[in-house]
Structures are given as C-alpha cells and as structure tokens.
Amino acid sequence: MHNPFRVLRPATVAEASRELSRLGESACVYAGGSELLLLLRHGLVDYEQLIDIKHIPELSTLEWDGGALHIGANVTHRRLELSPLVLEHLPDLAQVESQVANVRVRNVGTLGGNLSFSDPHSDPGTLLLVHEATVRLQRGRRKRRLPLEEFLVGSYETVLEPDELLTAVDVPALPAGVGVAYQRVERIERPSVGVAVAAGLRDGRLADVRMAVGCVGPKPVRLHALEGRVSGLSLSDAARVMAESRPVLQEQLEPVGDIHGSVEYKTHIVSVLLARTLAQAAEAGAGRSDG
Ligand SMILES: Cc1cc2nc3c(=O)[nH]c(=O)nc-3n(C[C@H](O)[C@H](O)[C@H](O)COP(=O)(O)OP(=O)(O)OC[C@H]3O[C@@H](n4cnc5c(N)ncnc54)[C@H](O)[C@@H]3O)c2cc1C
C-alpha cells in the first residue's frame, strides 16, 4: 500500500515544470505510470503530489518531416509499434517496440517514461543510440537539445534536472544503403542483453558501422572504438574481430553480474550477438538504397 497523494494535471510542459520546481521533492511527474506506480506500491518512493503529464497535447505528437521522425515523450510503445509512419520510416523501431514488455505495459508505457527512468534493462535506448537520436528537454520555458548518448548517464540516472521534462525524441533518417538490426536475449521479465547495429556494405566492405549494447552494464553504450576496428572489413573478418573482442567489451560495457547472468556469460553473448546482428544489419542495408 502507498500513502495517499494528490494528482495535478497541468495543461502545458512549462506549467508541469513550474509545479515540479514549486513542490520540490514532494512531487513527481508520471505519464503511463507503469514504473512509478510499481515503485509507489512497493513503498520504494513516496510523493504527496503526482503530476500527470499524459494529457499535455504537445507531448503526444508523432511526425515525419522528410528527414527525421519526431516522437513526443508521451507516445506509447504500442503506438510506435503500430503507427504506419513508424512502420514506413523506422521499421526497426516498430519491431523493437513490439518486443517491449507485454501489450498491457505497451498500451500505457511511453517512450519518454522509458528513457527518463533509465532502467538498464530496456530496449529502445540501445536501438536509438545507433540511430544517433537526440532528445529535447524543457525546464520552465527554457529548452535544450542533446544527443541521447549524453542524456543517459547510468542506472536510473539521466541528465534531467529535478524540474526538467523530456519533451521529444528526434530520430534522423539513416544514410542510404545502411540497415539496422536488433537482437535481444530475454531470460526473465525484462531483457538480459540487447544489441543494436547499423551498417552498410560497400564493395563487400563494412561502412557506416554503429554498434550499441544495452542491459549488461549500467546504461546502453555505443562501441565507438570497435566500430572503427570493423569498418572497412569484410563480414567474415569482422566476425573474427568480434570473437576476440571480449576484453574490450568488458572494459567498455562495465558488465554487472546479476540474476540475468554472470559477467562472463553476458560478455560472451554480446560478442556472439554483435557478429550476428552486424551481418543482419548489412543485409538489411543492401535492400535500402533510398536512405
Ligand atoms: C512488467 C514490465 C515489463 C517490462 N519489460 C520491458 C522490456 O522488455 N523492455 C523495455 O524496454 N522496457 C520494459 N519495461 C519498462 C517499460 O517500458 C516502462 O515501464 C515504460 O516505458 C515507462 O513509461 P511510463 O510512461 O509508464 O513511465 P512512468 O511510470 O509514468 O514514469 C517513469 C519515470 O520517468 C519519469 N518520467 C516519465 N515521463 C517523463 C518525462 N516526459 N520527462 C521527465 N520524466 C519523465 C517519471 O517521473 C518516473 O520517474 C517493462 C515494464 C514492466 C512493468
């Protein structure tokens, strides 16, 4: 059981931020509530006021402008899974969203809530890193924009200030000939390992490689150094590099041994999945010459 709380329903992001600033630590925003209500129910947090941001219209937009997909923070996993716009322009995101949790959670859980909560066992953040997504934040009337890679700081930690909201995620189109693939392992309720790769093949050599790994350490991580090592290689040479990459992965991912598996298990799975996902992404890219 949780203590009683009051619910406020601001009409704009600026108003929600002002309420957060005024009420301080006694208040918290929520969108779908799928994480927050669990925390309240288990007595892990306690708030006197909850600020319901679900009905703020500016947070629910979903638009394609010809060069990028703009996703309002309140767009649910289910909407991303089923939207014709997402299926047309970012089919890999729709695919990943279809694997998040179960349909009940996807119906209420939002992308903004997922990224702001920064649970290490999540899917969309890892995928969006290889899309080089950026996030828009707002505090009062002040707005800022930064790469998702900088937004995610660690386990349940982001750069959000206490009175700041995530308002949207912008996902630019991929270069022509580049495909994306995502693989995950799920042993218990949430993903144990998630691997995302974007890649193309030019004359049989890997190009535009981006790789990210989630769930094994405190936050999803882009593997910039490894990307550099496999760029320009054939797929079979890249697979050999992946097989030898465990020391690098351990250093960069900071794997944590937990109920999802030991550090050794997770690192092994990642090295296998990276090679597999790289081949899949390159194959997907071969079918995409339109950008
Ligand atoms: C049973 C279960 C299984 C799950 N499985 C998966 C899975 O397989 N893969 C996966 O990726 N995720 C999984 N999840 C997590 C799920 O994706 C999140 O619960 C959901 O996306 C959170 O969104 P929400 O709107 O419900 O967040 P809320 O519960 O409303 O909020 C979560 C946190 O984010 C903050 N917040 C929310 N919106 C904003 C905003 N716009 N700006 C600033 N702060 C904000 C809130 O203050 C709160 O701290 C699972 C969850 C459950 C309960």
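Since we're looking at a predicted model, the values are computed, not measured.

Basis of the calculations
Residues numbered from 1 in each chain as written. Predicted model: local features only at pLDDT ≥ 70, side-chain atom pairs only at ≥ 80, totals over all residues. Heavy atoms only, no water. Pairing = 2+ DSSP bridges. Helix = DSSP H or I, 4+ residues; strand = E, 2+ residues; numbered from the N terminus. Axes fitted to C-alpha atoms, helices over the stretch in contact; angles between N-to-C directions. Salt bridge = Lys/Arg side-chain N within 4 Å of Asp/Glu carboxyl O. Buried < 20%, exposed > 50% of the residue type's maximum accessible area, 1.4 Å probe, protein only.

Q: I would appreciate a short explanation of the sheet that holds strand β1 (residues 6-8) in the present structure.
A: In a beta sheet, neighbouring strands are held together by backbone hydrogen bonds and run either parallel or antiparallel to one another. Reading across the sheet, the three strands line up as β1-β3-β2 and stay open at both edges, with parallel pairing between neighbours. Each edge of the sheet is formed by a strand with only one pairing partner; in this case those strands are β1 and β2 (27-30). Put simply, the sheet's adjacent strands are angled 30° from each other on average, direction ignored.

Q: How should I be thinking about the pattern of salt bridges in this particular structure?
A: Pairing between side chains becomes possible if they bear opposite charge and their charged atoms approach one another. If you walk through the whole model with that rule in mind, you get 19 salt bridges. Close ionic contact of Glu81 with Arg106 constitutes a salt bridge, the shortest N to O distance being 2.9 Å. In this pair, Glu81 is assigned in helix α3 (residues 77-82) and Arg106 in helix α6 (residues 103-108), connecting sequence segments 25 residues apart. Residue class for Glu81 comes out buried when judged on its relative accessible area of 13%. Relative accessible area serves as the criterion here: at 8%, Arg106 is assigned to the buried category. Across the pair Asp237 and Arg240 runs a salt bridge whose closest N-O atoms are separated by 2.3 Å. Here the residue Asp237 and the residue Arg240 both occupy positions in helix α11 (residues 235-243), the gap between them amounting to three residues, near one helical turn.

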